[in-house]
Amino acid sequence: MGRDEEIIRSYERWLTSSTGAYTDRRECELVMSLLQPQTGERLLDVGCKTGHHLARFKRKGCTVTGVETSPFILEAAREKMGKQADLYRGDCDDLPFSDNEFDIVTMITSLEKAGNIRKAVSEAIRVSRNRV
């Protein structure tokens, strides 16, 4: 088993644990209350992992896009999301999108992995026309 595959399995196991499920539910409540996504809004999830959060925003009626550095983890997101999301391989320090392209940009649990946090936040602000 490769490192990325173990990361995916570990993440999925954690989400189904009592602590993980509780934390995930609370995190989702907080993020949704802060961002208040509306049907038709365009959302970018930077560091989308397996698409867990993309699926939630899709259910809220958003058009969703995800960026992930690992091709293996990105493939897991493609398996989960199918054609419901646009998925790209990329880095949070240099997002492959135009200025103001998205209504909302999320970086849920991805900043701790950023090489340059200031650049990553700057990039999120650049591609968002409304909320980060």
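Everything below is about the structure printed above this text.
Throughout what follows, the structure given in this document is the object of discussion. (Residues numbered from 1 in each chain as written. Predicted model: local features only at pLDDT ≥ 70, side-chain atom pairs only at ≥ 80, totals over all residues. Heavy atoms only, no water.)

1. Points about the packing of aromatic side chains
Move 1: Evaluated as defined, the whole model comprises 2 aromatic pairs.
Move 2: Look at Y88 and F97: their rings are 5.3 Å apart centre to centre, the planes differ by 85°, and that puts the pair in the edge-to-face class.
Move 3: Of the residues examined, Y88 reaches a relative accessible area of 38% and is grouped as partly exposed.
Move 4: You can call F97 buried: its relative accessible area is 10%.
Move 5: When the centroid spacing of 5.1 Å and the interplanar angle of 90° are considered together, the rings of F97 and F102 count as edge-to-face.
Move 6: Residue classification places F102 among the buried residues on the basis of a relative accessible area of 1%.
Move 7: Clustering of aromatic rings is evident, with ring pairs tying together Y88, F97 and F102. (Phe/Tyr/Trp six-rings, centres within 6.5 Å; stacked < 30°, edge-to-face > 60°. Buried < 20%, exposed > 50% of the residue type's maximum accessible area, 1.4 Å probe, protein only.)

2. Here we look at the packing of helix α1 (residues 3-16) against helix α4 (residues 71-81)
Move 1: Here α1 crosses α4 at 50°, and the two axes come no closer than 8 Å. By the criterion of interaxial angle, the relationship of α1 to α4 is oblique. Two secondary-structure elements touch here, α1 through D4, E5, I7, I8 and E12 and α4 through F72, I73, A76 and K80.
Move 2: The residue makeup of the contact of α1 with α4, split by class, is 5 nonpolar, no polar and 4 charged. (Axes fitted to C-alpha atoms, helices over the stretch in contact; angles between N-to-C directions. Helix = DSSP H or I, 4+ residues; strand = E, 2+ residues; numbered from the N terminus. Parallel < 35°, antiparallel > 145°, perpendicular 65-115°, else oblique. Contact = heavy atoms within 4.5 Å. Nonpolar A, V, L, I, M, F, W, Y, C, P; charged D, E, K, R; others polar.)

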